[in-house]
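# Structural features, examined
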Amino acid sequence: MKREAKWWKNCVVYQIYPRSFRDTNGDGIGDLAGIIEKLDYVKELGCGAIWICPFYASSDYDNGYDITDYQAIHPDFGTMEEAERLIEEAHRRGIRILIDMVLNHTSCEHPWFLESKKGRENPQGTPNPYRDYYIWREGKNGGAPNNWEAIFGGSAWTRCGEEGDHYLHIFSPMQPDLNWESPELREELFRMMRWWLDKGVDGFRLDAVCYISKDPEFTDSPDGNIRPCASFGPHFEAFARELNREVLSKYENIMTVAEMSESTPERAEIFANEDGSIFSMIFQFQHMDLDGGDSFKWTHRKIELPALKKLMAYWQTNLYGRAWNSLYWCNHDQPRIFSRFGDAEGPLREKSAKMSALCTHMMQGTPYVFQGEELGMTNYPFRDISEVRDLESLNAWEHFVGNGIHTEEEMLELISLRGRDNARTPMQWDDSPNAGFSDGKPWIPVNPNYPQINAKDQLTRENSVFRFYQKLIALRKEHAILTTGRYEPLDLEDPDTFAYLRITESEKLLVLCNYRAHEAGVKLTEELWSEIQEKTVQLLLTNEEDGSAPVLASTVTLRPYEAAVLKIA
Ligand code: TEU
Ligand code: CA
């Protein structure tokens, strides 16, 4: 399958969390054969690529993000032959494959780490060649080398033995950080990535890659927060350029999306530059953090629409012509978007899901659809900690409940709002037991709303959320302006609506969204209103059941959760 230059620019990517997608052998865990089985479904939706979360051999403390062998398939997921067949079957359908590369850390059970932790020297007194693959430091004053806190809780350092050095782990102690300062380590990783590209994969999602270069002094963090100290270190740009030179540039038109919390448009301009010298695009997190409170993850506040609109406009305008955006609200680390914004429990559930999809998909960048998002899947109502699987949530439970900061009820509520398992409950295929995900007992509970929300039902209905996503994805292919048009925000201060223009020399698209269950107005500029009166306006898509367009006026009144895109030419 030939890869066109920058093929991702008018492509929508479908993200698969393999454990929860489709189980074909009844062990309760999704597998590669399940992905193959559902490729036609992805094709029908219209997505041109899939990103598959890690399926490598793993110790599974963090569901595959703790790799023990980058060049083997976890037996729960299948075999290497099945991985090869998956690549082939996807390509046969015109679907590209992006695999998830965890380059910042391995599992503590990876053979490299097992060797590394043996000490600085071999028993013969020669240097241990694997010592340098990880980051070891002496403790200070009987404690850790510095005050950095791991993202999944506790100190970011763990001591090996009573006398030993401490190793660094940005995430959990089971995920020791690799030492990118070692040229041997870098070459091992690059060789492994080329091996996968030789198998025919079309690119990578680079997990937590902004952390591969750290502050070389390991200075204390002002508040213990590790993210600013351990990300975008002084050698990051050099490492990223080397990765491009040694791996990506050796193959034609490979796509890479680099996951980078702590990103800014200035950083995007370096790392996702249009010249292709580093990565194709990045995942930034700023919009994801708008509803986190002061302690980021485990607090919750409402997203204020003006703040969101300004933030999106900031990214859309600053990257225009310079770097490429990714567009997403959902992934395996995030609660479900329609529970965050929409009418998840109310009568306008489907309409609100379509609204927020339209709002995102009409922007510039590559949209990502996370499995189940196209059905309007919602958060899981956790009632008991025994239903929770994610180590991040379990650690937080231990910390907040264990230390009496939150009651059990409060913490379950927070996990239901913010926890990563919300995204990881099984894909809802139909209304049969276990939502058609598995004939066995699923590794994580199925959302009880599957009889109402499932793919089988939505495929039979013309006005379903699935059908709406299908139309959004098709629009991107039909209208070049969605790829090339400049972004201009409208009515930024309005607290209820989200509106913007996409603009080229010859046409404009007007995107109008109401984020509320009541009517709300979008104030157009005088210039735009007179242009509308002079030109032809065509409705491209609406989420109104009767297909009617909003009534245009200098202030457009939108119906509850209404969303529409209009072409002005
Ligand atoms: O996530 C990286 C990351 O920055 C996380 O801290 C993210 O912000 C967090 O999951 C939100 O709760 C990646 C993967 O996407 C995640 O699934 C892994 O657990 C993590 O790396 C470690 O590999
Ligand atoms: Ca299985």
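Residues numbered from 1 in each chain as written. Chains lettered and ligands numbered in written order. Predicted model: local features only at pLDDT ≥ 70, side-chain atom pairs only at ≥ 80, totals over all residues. Heavy atoms only, no water.

## Some thoughts on the side chain of Ser 416
The condition that has to hold: Numbering of helices and strands runs from the N terminus; a helix is a DSSP stretch of H or I covering at least four residues, while a strand is a stretch of E covering at least two. Per-residue accessibility, obtained with a 1.4 Å probe over protein chains only, is compared with the maximum for each type, and a residue is labelled buried under 20%, exposed over 50%, and partly exposed between these values.
With respect to the helices, strands and loops of the structure, Ser 416 is situated in helix 13 (residues 408-418). Take Ser 416: its relative accessible area is 14%, and that puts it in the buried class.

## Observations concerning the packing of helix 11 (residues 349-361) against helix 16 (residues 465-478)
Stated formally: Fitted lines through C-alpha atoms give the axes, limited to the stretch in contact for helices. The angle between two N-to-C directions lies from 0 to 180 degrees. Put simply, angles under 35 degrees are roughly parallel, angles over 145 are roughly antiparallel, angles from 65 to 115 are roughly perpendicular, and the rest are oblique. Note: crossing handedness is left-handed where the near helix turns anticlockwise from the far helix by less than a right angle, and right-handed where it turns clockwise. When checking whether two residues touch, look at their non-hydrogen atoms; a contact exists if any pair is within 4.5 Å. In this classification, Asp, Glu, Lys and Arg are treated as charged, Ala, Val, Leu, Ile, Met, Phe, Trp, Tyr, Cys and Pro as nonpolar, and every other residue, Gly included, as polar.
Where helix 11 meets helix 16, the closest approach of the two axes is 10 Å, and the angle between their N-to-C directions is 15°. In terms of their interaxial angle, helix 11 and helix 16 are classed as roughly parallel. The crossing of helix 11 and helix 16 is right-handed. From helix 11, Glu 350, Ala 353, Lys 354, Ala 357, Leu 358 and His 361 reach across to helix 16, where they touch Val 465, Phe 468, Tyr 469, Leu 472, Ile 473 and Arg 476. Split by residue class, the contact of helix 11 with helix 16 holds eight nonpolar, one polar and three charged.

## Some words on unusual backbone geometry
When glycine is set aside, most residues are seen to have a negative phi, and most peptide bonds are trans. Here Phe 218, not a glycine, exhibits a phi torsion of approximately 50°, which is positive. Locating Phe 218 in the fold gives a position in the loop between strand 9 (203-207) and helix 6 (227-230). Look at Phe 218 and you get buried, because its relative accessible area is 11%. One non-glycine residue, Phe 232, lies in positive phi territory at about 45°. As for its placement among the helices and strands, Phe 232 is situated in the loop between helix 6 and helix 7 (236-246). Note on Phe 232: relative accessible area 13%, which makes it buried.

## As for the packing of aromatic side chains
Two numbers describe a pair of aromatic rings. These are the distance of the centres and the angle of the planes. How we decide: Aromatic rings from Phe, Tyr and Trp, with only the six-membered ring used for Trp, were paired whenever their centres fell within 6.5 Å, and each pair was classed as stacked if the ring planes differed by under 30 degrees, edge-to-face if by over 60, and tilted otherwise.
Evaluation of the coordinates by the stated rule reveals 36 aromatic pairs. Judged by centre distance (4.7 Å) and plane angle (40°), the rings of Phe 236 and Phe 271 are tilted. Of the two residues, Phe 236 is situated in helix 7 and Phe 271 in helix 8 (residues 265-271); the sequence distance between them amounts to 35 residues. Summarising the burial analysis for this pair, Phe 236 and Phe 271 share the class buried. Ring geometry for Phe 498 and Tyr 500: centres 5.9 Å apart, planes at 75°, overall edge-to-face. Judged by its relative accessible area of 0%, Tyr 500 is buried.

## Remarks on the site of ligand 1
Rules: For each residue, the test is whether any non-hydrogen atom lies within 4 Å of the molecule or strand; if one does, the residue is near. Polar contact criterion, stated in full: a pair of N or O atoms within 3.5 Å, where within protein one must be able to donate a hydrogen and the other to accept it, and residues adjacent in sequence count only if both atoms are side-chain atoms. Using a 1.4 Å probe, the Shrake-Rupley method yields the accessible areas, and only the shown protein chains count as cover for residues. The domain limits used here are those given by an automatic or database domain assignment.
Ligand 1 sits among 18 residues. The nearest are Asp 62, Asp 207, Lys 297, Asp 333 and Arg 420. Residue Glu 392 places a side-chain N or O atom 3.0 Å away from an oxygen atom belonging to ligand 1. Between Arg 420 and ligand 1, the recorded distance is 2.8 Å, taken from a side-chain N or O atom to an oxygen atom. Taken by itself ligand 1 offers 490 Å² of open surface, and the protein chains cover 99% of this. Its residues assigned to classes, the shell around ligand 1 comprises five nonpolar, three polar and ten charged. When we break the shell around ligand 1 down by domain, the ones giving at least three residues each are domain 1 (10-106 + 182-469) and domain 2 (107-179).

## Some points on the nonpolar core
Applied cut-off: The definition of a nonpolar core used throughout is a set of buried Ala, Val, Leu, Ile, Met, Phe, Trp, Tyr and Cys residues joined through side-chain atoms within 4.5 Å.
Counting 161 residues, the largest nonpolar core has Tyr 14, Met 101, Trp 196, Phe 204 and Phe 279 as the members making the most contacts within it. Apart from the residues lying within four places of it in its own chain, the contact partners of Trp 196 are Phe 55, Tyr 56, Tyr 70, Gln 71, Ile 73, Met 80, Ile 99, Met 101, Val 201 and Phe 204. Ranked by size, the runner-up nonpolar core spans 14 residues in total, among them Leu 501, Leu 510, Val 522 and Leu 566.

## What to know about the coordination of the calcium ion (ligand 2)
Worth spelling out the cut-off: For Na, K and Ca the donor cutoff is 3.2 Å, while for all other metals N, O and S atoms must lie within 2.8 Å; water is not among the atoms, so some sites may look incomplete.
For the calcium ion (ligand 2), every protein donor is listed as Asp 23 (OD), Asn 25 (OD1), Asp 27 (OD), Ile 29 (O) and Asp 31 (OD), and the spread of their distances is 2.3 to 2.4 Å. The sequence motif formed by the donor residues of the calcium ion (ligand 2) is D-x1-N-x1-D-x1-I-x1-D. The exposure class assigned to Asp 23 is buried, which follows from its relative accessible area of 2%. We classify Asp 31 as buried; its relative accessible area is 4%.

## A few points about the sheet that holds strand 8 (residues 166-168)
Here is the rule we go by: The pairing criterion for strands is at least two bridges between them, as found by DSSP.
In space, the three strands of this open sheet follow the order 6-8-7, with antiparallel pairing throughout. Where the open sheet ends on each side, the last strands, each with one partner, are strand 6 (136-137) and strand 7 (157-159). Two elements, strand 7 and strand 8, share three bridges in a ladder whose sense is antiparallel. Directly across from Trp 157, in strand 8, lies its bridge partner Leu 168.

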